[in-house]
Amino acid sequence: MMVSSQARIAVLLLTALSFGSMGCGSSSPGTSTDVGTMLDSSSPDSRSPDLAPSADLSALDSAADLPGTSDGATGDTASGDGGLPPGFVRTPVNATTSALCAIPADYVKNGGDPVSPPCDFAADRFSVTDYTQPVTSLRVVTWNVEYGKKSADVLAALQSDPLLTSADVLLLQEVSRRDKQSVPPQLDQARQLAQALKMNYVAAIEWDRREKSDQGGEHLLAILSKYPLGNATLLRHAPQWNFWLEKKHYGGRATLGVDVAVGGRRLRIYNVHRATRDVTGNGRAKQGAEVRADAAKPGRPALQLVGGDFNTFLCNPAILTCNEPPSAEKVIKEFLAAGYTDLTPGFNSWTQLGIGVFPQRLDWLFAKGAGLTPQTHQVLQAIKAADHVPVVAVVKLP
């Protein structure tokens, strides 16, 4: 079916406005020093993401790690001892119940960057899986769990659906911690899920909302795995929107990266949460380029998985082929052009129920590296525990 250009523009504007009013995906942790200059609220840049300054990709190699990460951290091993592969350093356990960000009084007033406050990871180890045994494939799931609004339903699905109970890796976005608005309030969702599922986890803050007395708490990116997690980093993206001036939220869009030790090999995994206030897709494409630049840094494993909520709302899968050029959003086309393989080949339907005008394909899984090949995939559209649905893919390991 053909759609006029005027109609499509109207759809995009309505969709963008509805995303903005819902605040989809706002929360980010970190200590990154290469985020760039915060946008001034009086400038056109702060109101139009399309006019925001481009990320300086030449500076991306300095993307900072959070405290307790592989660069200078004292983890279990970096030499391959104990069945862990060379170069792998486990992320230290941090089971604190306190805030993850150490933000002093008058932090912003005294010159602190609200996009990159000093924060730490949350991390712990509950897996009983023997990670030294040979592994031929991984089952990976990405799921935006919507701030713990239906946390009991999310847990129930992960404990009951066979395609989810057998997951080796979970990439979760909009994870709630110490949040007054989660159900129940003050839930530490990443830790709860890791304990219940007997998985290891690393989580990092996208948004710290302590300045909003009716909200409070933290919104996280989390990676759970049956296998050891290490060399964790948090990549803070160049701002596409000024969340501090609008909402008094510390943080912003980010990508959590970890290495997973599987059967004597290291895989690099990125959990992404892309911008919504971007009606051209250029901002999401810039953030994707930042992830690929980080993945290309010296010492990164050659085997890589990238997944999460890409917020690719410009393409309507009901009328267009959104998983391949020419209709796919720019960020998707650029991952494919860079040699990443879509782990859901042929799937061209919705993964989010449609806050805007139509149900949208927002969630993706990609792989890169010799011998990493897609085997099977499922999108669990019958699960209604959040506004997004789980995307499941099995990838063969070399």
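Look up: the structure comes first, before these words.
Every value quoted in this text rests on a predicted model; they were computed, and no experiment measured them. Residue positions are given per chain, counted from 1 along the sequence in the order it is written. Where totals are concerned, whole chains, interfaces and linings use all residues; where local detail is concerned, this predicted model gives features only for residues with pLDDT of at least 70, and gives and counts side-chain atom pairs only at 80 or more. Derived side-chain values reflect all non-hydrogen atoms in the structure, with water molecules and hydrogen atoms excluded from consideration.

A. Seen up close, the packing of helix H6 (residues 282–295) against helix H7 (residues 330–337). Viewed as axis vectors pointing N to C, H6 and H7 meet at an angle of 30°, and their least axial separation amounts to 8 Å. Viewed along their axes, H6 and H7 adopt a mutual orientation that is roughly parallel. Where H6 abuts H7, its residues Asn282, Arg284, Ala285, Gly288 and Arg292 lie against Lys330, Val331, Glu334 and Phe335. Each residue is assigned to one class: nonpolar for Ala, Val, Leu, Ile, Met, Phe, Trp, Tyr, Cys and Pro, charged for Asp, Glu, Lys and Arg, and polar for all the others, Gly among them. Looking at the contact of H6 with H7 residue by residue, the class counts come to three nonpolar, two polar and four charged. With axes taken as lines fitted to C-alpha atoms, and helix axes fitted only over the stretch in contact, angles between N-to-C directions fall between 0 and 180 degrees. A run of H or I in DSSP counts as a helix once it spans at least four residues, and a run of E counts as a strand once it spans at least two, with each numbered from the N terminus. Oblique is the label for any angle not covered by the other classes, which are roughly parallel (under 35 degrees), roughly antiparallel (over 145) and roughly perpendicular (65 to 115). Whether two residues are in contact is decided by their heavy atoms, any of which lying within 4.5 Å being enough.

B. Highlighting the state of the cysteines. Any cysteine sulfur atom paired with another within 2.5 Å is treated as part of a disulfide. Inspection of every chain in the model, using the stated rule, returns two disulfides. Two residues share a disulfide in this structure: Cys101 and Cys119, whose sulfurs sit 1.9 Å from each other. On the sign convention where negative is left-handed, the bridge of Cys101 and Cys119, at about 95° about the S-S bond, is right-handed. Here Cys119 lies in the loop between helix H1 (5–22) and strand S1 (122–124) and Cys101 lies in the loop between H1 and S1, a separation of 18 residues in the sequence. There is no split in this pair, since Cys101 and Cys119 are both buried. Going through the chain in sequence order and numbering each bonded cysteine, the pairs you get are 1-2, 3-4. For every residue, the accessible area obtained with a 1.4 Å probe (protein chains only) is divided by the maximum for its type, and the residue is called buried under 20%, exposed over 50%, and partly exposed between those limits.

C. Quick peek at the pattern of salt bridges. Salt bridge, as used here, is a side-chain nitrogen of Lys or Arg placed within 4 Å of a carboxyl oxygen of Asp or Glu. Applying the stated criterion to the full structure yields 14 salt bridges. Taking the shortest distance from any N to any O, the salt bridge between Arg177 and Glu218 comes out at 2.6 Å. Here Arg177 is found in strand S3 (residues 169–177), whereas its partner Glu218 is found in strand S5 (residues 218–225), with 41 residues between them in sequence. Glu218 shares its class with Arg177; the two are buried. Between Asp259 and Arg266 there is a salt bridge, with the nearest N and O atoms lying 2.6 Å from each other. The same class applies to Asp259 and to Arg266, which are both buried. Put simply, Arg177, Asp188 and Glu218 are held in one network by salt bridges that share partners.

D. Inspection of the side chain of Thr344 at higher detail. In this structure, Thr344 sits in the loop between strand S11 (341–342) and strand S12 (363–368). Thr344 has contacts with Arg361, Leu365, His377 and Val391, leaving out every residue within four places of it along the chain.

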